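Take a look at the letters that make up each chain.
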Amino acid sequence: MSKLEGFPKDFLWGAATSAYQVEGAANEDGKGLSQQDVINTERHKAYGFADASIASDHYHKYKEDIALFKEMGFTSYRFSIAWTRIFPNGGDEVNQAGVDFYRNLIKECKDNGIEPIPTLYHYDLPWALVEKYNGWLSREVVKDFEIYAKFIINEFKDDIKYWVTINEQSIIVQYWTQKCYVPEEYQNQNQLRYQINHHMNLCQAIAVKYAHEVGALAGPALGYSPIYARTCKPEDQIAALNANDLRNSYYLDVYFKGYYTVAPLTYLQENGLAPVIEEGDEELFRANISDFFAINYYDSQCAHACPEGAERSWSGYNLTGKKGDMSGFETHPGFYQMCPNPELDTTAWDWAIDPIGLEYVYRDLYTRYKVPFMITENGLGAYDDLTEDGKIHDDYRIDYLRAHIQATKRAMDKGVEVLGYMPWSALDLLSTSNGYKKRYGLIYVDRTDEDPKECKRIRKDSFYWYKKVIASDGTDL
Ligand code: BGP
């Protein structure tokens, strides 16, 4: 087979955002509070990060933003729908203004030749459901999600071809109190991490079912990092396999094969961490297999063997943006321990930079699952400086994106099916872990954590670069 010259003509070039991180207008037009409105006000403010009330003001500026996307040549835009705009309190009482907002957003995309790719759920559960039954901790959430998913998929059945179901379940398990509101009395019950994930698996299968009923395609977005062994010692290789099984395959096997991967499930059972699975749950998974895999790729990870006697711990954070300030590494005694990779450079927040890791992911997963991929996140979180003459010279971001586009091309040249590339993020937005200090956008949003100012949009150097990339079908990198 001859190598593709550029990317295919119908390749979906674009970028991504999520509702609570970009929209703002948190209390406008009938929107209900989401758990992220509360988490960001209560906890993140303590670190000096902005909350979600204004964010990047996309709610009011979406037309201006889509005009900028068109200028870059986007043919796709991945955004998420805020459940609380549609059903402010969960349940079934529709807020028409919320439906209208997304109808207008979708129309604006289509009028500008941009394929709208919505995510159903990106961390922002209605707060009313947390108050009612502790949100994701309870299986009751599945009924509310079903009402929401069925409604919205039907509402936009004529406009949406690809539905991204749930964003980053594996990251939710890792960082459960940041991504879900977990009342303090439950925060030491780690089995609940996997129970929440099980409830999400049921929701994601239900979303796939409704998407299929209207002839659309659906797939999950998972934060996916390949895991290397720290050394070639057999003990470290097994540890890396264990980590890969628990942090990656445990999710993908449910989405694409309809069952939980046996080794990690056994490990969870032996350690009192396994979810309660009811009769019929796995049948639901098997009846509703996803069509594509939406990959959120930022970094690769590394693991080594871990003695039985070690203390269990979960993934740490770097809240300062100073290299080496990571608060800890996930440790599962007798199974694996995560660690930095001595071979790779990192971002200021300790995320390993590894474009070859993306090529590895494509190749490995295409061999194992043979489904099409789309990149729904990929990007470099960095401090950006606005120069006195109003420019952002983000050559570091261009280098990062270029290398990952090249990795995508190498995988496609080996026959891997990739539908599109939507890096994180279209414009600067509220980072889930670091407010506005850490930026990802192709478009600069002129605000700080402390001062939202006017949220003026400024084209970064990466904006002009990406425009050229798209115009040349990915040949002018
Ligand atoms: C992913 C999320 C996004 C996004 C990104 C960067 O996990 O899906 O919502 O924010 O990571 O992470 P952060 O904002 O923590 O830097």
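Everything numeric in this text was worked out from a predicted model, so none of it was measured. (Residues numbered from 1 in each chain as written. Predicted model: local features only at pLDDT ≥ 70, side-chain atom pairs only at ≥ 80, totals over all residues.)

S.K.: Just give me the short version of the nonpolar core, but keep the residues and values in it.
M.R.: The biggest cluster of nonpolar side chains holds 144 residues, and the ones touching the most others in it are W163, A207, A303 and M374. If sequence neighbours within four positions are ignored, M374 has contacts with L12, F292, A294, V418, L419, G420 and M422. (Core = buried A, V, L, I, M, F, W, Y, C linked by C-beta atoms within 7 Å. Buried ≥ 20, exposed ≤ 12 C-beta atoms within 10 Å, placed from the backbone. Contact = placed C-beta atoms within 7 Å.)

S.K.: Can you explain the environment of Q191? Please cite residues and give values.
M.R.: For Q191, the position within the fold is in helix α10 (residues 191-213). When the C-alpha atoms of Q191 and V276 are compared, they prove to be 9.4 Å apart, with 85 residues separating the residues in sequence. When residues no more than four places from it in sequence are discounted, the contact partners of Q191 are G272 and L273. (Helix = DSSP H or I, 4+ residues; strand = E, 2+ residues; numbered from the N terminus.)

S.K.: Describe the sheet that holds strand β12 (residues 418-421), and please don't skip the residues or the numbers.
M.R.: Taken together, eight strands build a closed barrel; the order of strands is β1-β2-β3-β4-β5-β7-β11-β12 and the barrel is parallel. Pairwise comparison of adjacent strand axes, ignoring direction, gives a mean angle of 30 degrees for this sheet. In terms of strand pairing, strand β2 (residues 76-80) meets strand β3 (residues 115-121) through five bridges, oriented parallel. In the strand pairing of β3, F79 is matched with P118. (Pairing = 2+ DSSP bridges. Axes fitted to C-alpha atoms, helices over the stretch in contact; angles between N-to-C directions.)

S.K.: Run through the site of the ligand, naming residues and quoting values.
M.R.: The environment of the ligand is made up of 15 residues, and the closest members are G223, G381, S431, T432 and S433. Taken together, the residues of the shell around the ligand break down into two nonpolar, 10 polar and three charged. (Near = placed C-beta within 6 Å. Nonpolar A, V, L, I, M, F, W, Y, C, P; charged D, E, K, R; others polar.)

S.K.: Explain the pairing of strand β10 (residues 336-339) to me, and be specific about the residues and the numbers.
M.R.: Summarising the sheet, strand β8 (residues 301-304) and β10 pair through three bridges and their orientation is antiparallel. In the sheet register, C302 faces β10, and the bridge partner there is C339. Alignment of strand β9 (residues 331-332) against β10, held across two bridges, turns out to be antiparallel. Among the inter-strand pairings, T331 is bridged to a residue of β10, identified as Q337. Hairpin connection from β9 to β10: three residues lie between these consecutive antiparallel strands, with G334 at a positive phi of about 75 degrees.

S.K.: A description of the environment of S315 should follow, citing residues and the corresponding values.
M.R.: Mapped onto the secondary structure, S315 falls in the loop between β8 and β9. Linking S315 and L241, residues 74 residues apart in sequence, is a C-alpha distance of 18 Å. S315 has contacts with Q174, Y175 and E330, leaving out every residue within four places of it along the chain.

S.K.: An account of the sheet that holds β10 is requested, with residue identities and associated values reported.
M.R.: As summarised here, the arrangement of the four strands in space is β6-β8-β10-β9, forming an open sheet in which the pairing is mixed. The open sheet has two edge strands with one neighbour each: β6 (227-229) and β9. Contacting β6, β8 and β10, helix α11 (residues 234-257) crosses the sheet at an angle of about 165 degrees to β6.

S.K.: Talk me through helix α16 (residues 461-471); I want residue IDs and the actual numbers.
M.R.: For α16, the full list of buried residues reads S462, F463, W465, Y466 and V469. For α16, the buried positions fall inside an angular range of 165 degrees around the axis, keeping them on one side. Check the buried side of α16 and you find it contacts α3 (58-72), α15 (395-413), β13 (443-446) and β14 (456-459). One or two positions beyond α16, positive phi appears at D473, with a value near 50 degrees. (Arc of directions from axis to C-beta.)

S.K.: Describe in detail the confidence of the model for the protein, supporting the description with residues and values.
M.R.: Per-residue confidence for the protein gives a mean pLDDT of 96, with 99% of residues at or over 70. Reported confidence for the predicted complex is 0.98 by ipTM and 0.97 by pTM. (pLDDT = per-residue confidence, 0-100.)

S.K.: An account of the environment of L12 is needed here, citing residue identities and associated values.
M.R.: By the element assignment, L12 lies in strand β1 (residues 12-16). Residue L12 is classed as buried on the basis of its C-beta count, with 22 C-beta atoms lying within 10 Å. Placed 135 residues apart in sequence, L12 and I147 show a C-alpha to C-alpha distance of 30 Å.

S.K.: Describe the packing of helix α7 (residues 141-155) against α10, naming the residues involved and giving the relevant values.
M.R.: Viewed as axis vectors pointing N to C, α7 and α10 meet at an angle of 25 degrees, and their least axial separation amounts to 9 Å. The angle between α7 and α10 places the two elements in the roughly parallel class. Of the two possible hands of crossing, α7 and α10 adopt the one that is right-handed. Counting all contacts with α7, which are made through V141, V142, F145, E146, A149, K150 and I153, the residues of α10 involved are H199, L202, C203, I206, A207, Y210 and A211. Here the residues of the contact of α7 with α10 are counted per class, giving 11 nonpolar, one polar and two charged. (Parallel < 35°, antiparallel > 145°, perpendicular 65-115°, else oblique. Left-handed = near helix turned anticlockwise from the far one by under 90°.)

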